[in-house]
There are 2 protein chains.
Amino acid sequence: MTSVEITERRKRATVKDVAQEAGVSRGTVSRVLNGQPYVSEAARSAIEAAIARVGFVPNRAARSLVMQSSQAIGLIVHEPHSLFVEDPNIASILLGANEALSEADYQLSCLIADSPRDVDRLARYLSGGLIDGVIVVSARAGDRITAAVAELGLPAAFVGHPRDIGDAAYVAIDNRGAARTITRRLLDTGRSRVGMIAAALDRDSGADRLAGFVDAMGARFDPQLVQSVPFYSFSDGRAGMRELLERAPDLDGVFASSDAVAAGALEALREAGRSVPGDVGIVGFDDSSWALRCDPPLSTVHQPADQLGRAAAASVLAQLRGDTAGSPIVLECPVVWRESA
Amino acid sequence: MTSVEITERRKRATVKDVAQEAGVSRGTVSRVLNGQPYVSEAARSAIEAAIARVGFVPNRAARSLVMQSSQAIGLIVHEPHSLFVEDPNIASILLGANEALSEADYQLSCLIADSPRDVDRLARYLSGGLIDGVIVVSARAGDRITAAVAELGLPAAFVGHPRDIGDAAYVAIDNRGAARTITRRLLDTGRSRVGMIAAALDRDSGADRLAGFVDAMGARFDPQLVQSVPFYSFSDGRAGMRELLERAPDLDGVFASSDAVAAGALEALREAGRSVPGDVGIVGFDDSSWALRCDPPLSTVHQPADQLGRAAAASVLAQLRGDTAGSPIVLECPVVWRESA
DNA sequence: CTGAAAGCGCTAACAG
DNA sequence: CTGTTAGCGCTTTCAG
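Thresholds applied
- Residues numbered from 1 in each chain as written.
- Chains lettered and ligands numbered in written order.
- Predicted model: local features only at pLDDT ≥ 70, side-chain atom pairs only at ≥ 80, totals over all residues.
- Heavy atoms only, no water.
- Near = heavy atom within 4 Å.
- Polar contact = N/O pair within 3.5 Å; in protein donor to acceptor, adjacent residues only side chain to side chain.
- Helix = DSSP H or I, 4+ residues; strand = E, 2+ residues; numbered from the N terminus.
- Nonpolar A, V, L, I, M, F, W, Y, C, P; charged D, E, K, R; others polar.
- Axes fitted to C-alpha atoms, helices over the stretch in contact; angles between N-to-C directions.
- Parallel < 35°, antiparallel > 145°, perpendicular 65-115°, else oblique.
- Left-handed = near helix turned anticlockwise from the far one by under 90°.
- Contact = heavy atoms within 4.5 Å.
- Pairing = 2+ DSSP bridges.
- Right-handed = clockwise from strand over helix to strand, strands pointing away.
- Buried area = accessible area lost by both parts, 1.4 Å probe.
- Salt bridge = Lys/Arg side-chain N within 4 Å of Asp/Glu carboxyl O.
- UniProt positions renumbered as here; feature names shortened; annotations may be inferred.
- Buried < 20%, exposed > 50% of the residue type's maximum accessible area, 1.4 Å probe, protein only.

If you check an unreviewed UniProt entry, chain A appears there as LacI family DNA-binding transcriptional regulator from Microbacterium insulae.

Chemist: An account of the protein's contact with DNA strand D is needed here, citing residue identities and associated values.
Modeler: Around DNA strand D, the structure places 29 residues, and the nearest of them are A:Ser25, A:Thr28, A:Arg31, A:Ser40 and B:Val15. Counted by atom, the contact set of DNA strand D within 4 Å of the protein is 65% sugar and phosphate. The contact in question runs from a phosphate oxygen of DNA strand D to an N or O atom on the backbone of A:Ser25, over 2.9 Å. In this structure, a phosphate oxygen belonging to DNA strand D sits 3.1 Å away from a side-chain N or O atom of B:Arg63. Put simply, the parts of the chain that give the surface near DNA strand D at least two residues each are α2 (26–33) and α4 (60–67) of chain A together with α2 (26–33) and α4 (60–67) of chain B. Across the surface near DNA strand D, the residue classes tally to 13 nonpolar, eleven polar and five charged.

Chemist: With reference to specific residues and values, describe the packing of helix α11 (residues 234–247) of chain B against helix α12 (residues 259–271) of chain B.
Modeler: Residues and elements named next belong to chain B. The contact between α11 and α12 brings their axes to 6 Å, and the two run at 45°. If you check the angle between α11 and α12, you find them oblique. With respect to the hand of their crossing, α11 and α12 are arranged in right-handed fashion. For the pair formed by α11 and α12, the contact residues are Phe234, Gly237, Arg238, Met241, Arg242 and Leu245 on the first element and Ala260, Val261, Ala263, Gly264, Ala265, Glu267, Ala268, Leu269 and Glu271 on the second.

Chemist: Can you explain the protein's contact with DNA strand C? Please cite residues and give values.
Modeler: Taken together, 29 residues form the shell around DNA strand C, and within it A:Val15, A:Phe56, B:Ser25, B:Thr28 and B:Ser40 come nearest. Within 4 Å of the protein, the contacting atoms of DNA strand C are 70% sugar and phosphate, with bases supplying the remainder. Within the contact set of DNA strand C, a phosphate oxygen lies 2.8 Å away from a side-chain nitrogen or oxygen of B:Thr28. The separation between a base nitrogen of DNA strand C and a polar side-chain atom of B:Arg31 is 3.1 Å. Of all the secondary structure elements, the ones that give two or more residues to the surface near DNA strand C are α2 and α4 of chain A together with α2 and α4 of chain B.

Chemist: Which residues make up the pairing of strand β7 (residues 226–229) of chain B, and what are the values?
Modeler: Residue and element names in this part refer to chain B. In this sheet, β7 lies alongside strand β6 (residues 194–199) in parallel orientation, the contact comprising four bridges. Looking at β7, one finds that Ile197 is bridged to Gln227. Handedness of the crossover joining β6 and β7 through helix α10 (residues 204–217): right-handed.

Chemist: Explain the interface of chain B and chain A to me, using residue names and the numbers behind them.
Modeler: Interfaces are often sized by the amount of accessible area the parts lose when they come together. Taken together, the contacts link 54 residues of chain B with 54 residues of chain A. Regarding the contact of chain B and chain A, the summed buried area is about 5,300 Å², with carbon and sulfur atoms giving 54% of it. The interface formed by chain B and chain A holds four salt bridges in total. Of the charged contacts, one joins B:Asp295 and A:Arg270 as a salt bridge, the two residues approaching to 3.9 Å between their closest N and O atoms. Taken together, chain B and chain A are joined by 18 residue pairs in polar contact (both at pLDDT 80 or more). Secondary structure elements with two or more residues in the side of chain B that touches chain A: α4, α5 (81–86), α6 (88–103), β2 (107–112), α7 (116–126), α12 and α13 (289–293) of chain B. Take the side of chain B that touches chain A: its biggest share by element is nine residues, from α6(B). In terms of residue class, the side of chain B that touches chain A is made up of 25 nonpolar, 13 polar and 16 charged.

Chemist: Before we move on, can you summarise the side chain of B:Ser70 with the specific residues and values?
Modeler: For B:Ser70, the position within the fold is in the loop between α4 and β1 (72–77). Ignoring sequence-local partners within four residues, the contact set of B:Ser70 consists of B:Arg60, B:Ser64, B:Gly129, B:Leu130, B:Ile131 and B:Asp132.

Chemist: Can you break down the sheet that holds β6(B) residue by residue, with the values?
Modeler: All names here are of chain B. Taken in spatial order, the four strands line up as β7-β6-β8-β9 in an open sheet, and their pairing is parallel. The open sheet has two free edges, formed respectively by β7 and β9 (281–283), since each of these has just one partner strand. Direction aside, the axes of adjacent strands within the sheet are offset by 15° on average. Of the strands in this sheet, β6, β8 (253–256) and β9 are in contact with α12, which crosses β9 at around 160°.

Chemist: So, the UniProt feature "domain: HTH lacI-type" (unreviewed entry) in chain A: which residues are in play, and what are the values?
Modeler: Per the UniProt record, "domain: HTH lacI-type" (unreviewed entry) is found at residues 13–67 of chain A. The span residues 13–67 of chain A shows a helical share of 69% and a strand share of 0%, and its end C-alpha atoms are spaced 20 Å apart.

Chemist: So what's going on with the pattern of salt bridges? Which residues, and what values?
Modeler: Residue and element names in this part refer to chain A. Taken as a whole, this structure holds 34 salt bridges over all chains when the rule is applied. Between Glu21 and Arg53 there is a salt bridge; the shortest N-O distance is 2.3 Å. Here Glu21, found in helix α1 (residues 15–22), pairs with Arg53, found in helix α3 (residues 41–54); they are 32 residues apart in sequence, far enough to count as distant. Among the ionic pairs, Arg209 bridges to Asp286, the shortest N-O distance being 3.9 Å. One end of the pair, Arg209, is in helix α10 (residues 204–217); the other, Asp286, is in the loop between β9 (281–283) and α13 (289–293), with 77 residues separating them in the sequence. Each member of the pair, Arg209 together with Asp286, is buried. One network of salt bridges, in which partners are shared, links Glu99, Glu103 and Arg310.

Structural data, given as structure tokens:
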């Protein structure tokens, strides 16, 4: 026995090899591979043995080529760099989608669009036949990815609801309704000067949460009490709270448009020496891992991120089976009342 | 113009269509597609025009089949469910790898192994020719994925260094050295009863961080002051700290083996009414987004997660070019001294 | 410089 | 029930 390491990849066995080894034709091998009926027990077991013996694994490129399908679904994350790192929702959506696809024996491939260059490459990749459908997370209206997906006519499901996806499938939560509910609750617990840190107004979720806030405030709504910030991030939350405090030192309640934003706001409040929930009550949105980590734990809206992922996956799968896109799916998101308000 | 929506995917144009449209042969089209020389200017421009006109996009499945390569690299995340959601390092690694691959015009496909079923499907997927190489994140010794990758002989690079990857490429940080350094620092600032919350001892990183701690403690090492917990998580950090406090109420310093663990420990310390850094000093590891969020901000070891991703990607790319796996890459990770100790 | 033809590995009719 | 025969869309000799 020599000590030479066999590092190079040896040529992989093909159906032909299996056929030879089992003494049948390639057609028959293909049949057992695809679990088709009309194969004799003898042939089947001979082939199965042969497959094990030669270590055969089907070549998916070849199979995709002839089947015009790949049993793989892409999940596109189009998120500003830093946010992907901070946002626990994305990972949950990913995990949920993966579970649902896994059950259907589909492979999930998570694709990142982090630069214009990425977007171009992705568009080519998607149309290359290696992906049967896509789930698009955190798209904004006007995204090039959205356009590319639409043009390709690839089965798709969006998580969230950018305005420009036409009649494409989407799964979402009722951001506006939930925002309204939690804001009312803040009002009902005796807060009178309630402000909002409104993040990501360029996204449907951000805009809708603001709309819900406005709904709930009704006549009491004061534009001075709304601070808009670009992202659902801790640092934007802190910055937004500082602004708000400056403009309205008398506020006693805050609706932060995400838990991360609320966590940042909490920090700013602490710096400013305000107690929570004593001086000011604060509520978030998402019920992500941030919520429990905060001190005090956040009252917030529970967002079933993994279910969003599951539902989006189910939608793509349904489209693949030939169903039409179907009606939008809107998931429940109950308020979770903790100690921050 | 009718109002019928063209929803169905129309048959995509092929090289043949382009060739016809441009009045040349498929071979010539292929040549311009691949930027090969020996094509007349006339033919080239005719073909380019034709490509645009018919909206041709090459079919990657077909190309992969004949080229035996797909220009796509997989990144396998094999992490306990919840951790993937909580660990900001993974996203950073992902982003770093994506950047490096993007520059080389490779597509990154992030693959999740979240169940035994996933692992099986993944193994098949990897050997299907749709992926040219893999980056494996957060593997533990004995992982089936590791075995599958090895058996396939797929170019691979590990982030971290499980003991059983043989001479496969890996990029890592000097966990042991860094742990030693930061523990010493804790000692040097006057702490004498220093404990450790040691997470993930089944991982090289976890075991090495403990080893570094033991190194630094030298004669002062007391096994009673080490609490082992399963994961690098907030909740395990909190639980571990409670244990430690019970066993050794007199401790005045803690090395938490990750920032998330430190954050959890901080929480337990707060519950127990200990001030930080007054009563007890605490240090973490990772310099992730947790570190700055904590109150007080954590002294910790900076882990260049995005660089790990970049380096792993570079290694896979090099192997694809035919280089040997090369020597392991070990990245610097300086201590960042903040306020928690 | 370009066309014709072979074939990557697999599945899907279609006769037996 | 099984073998044979076409391709899927692309690249790549090999002659011209």
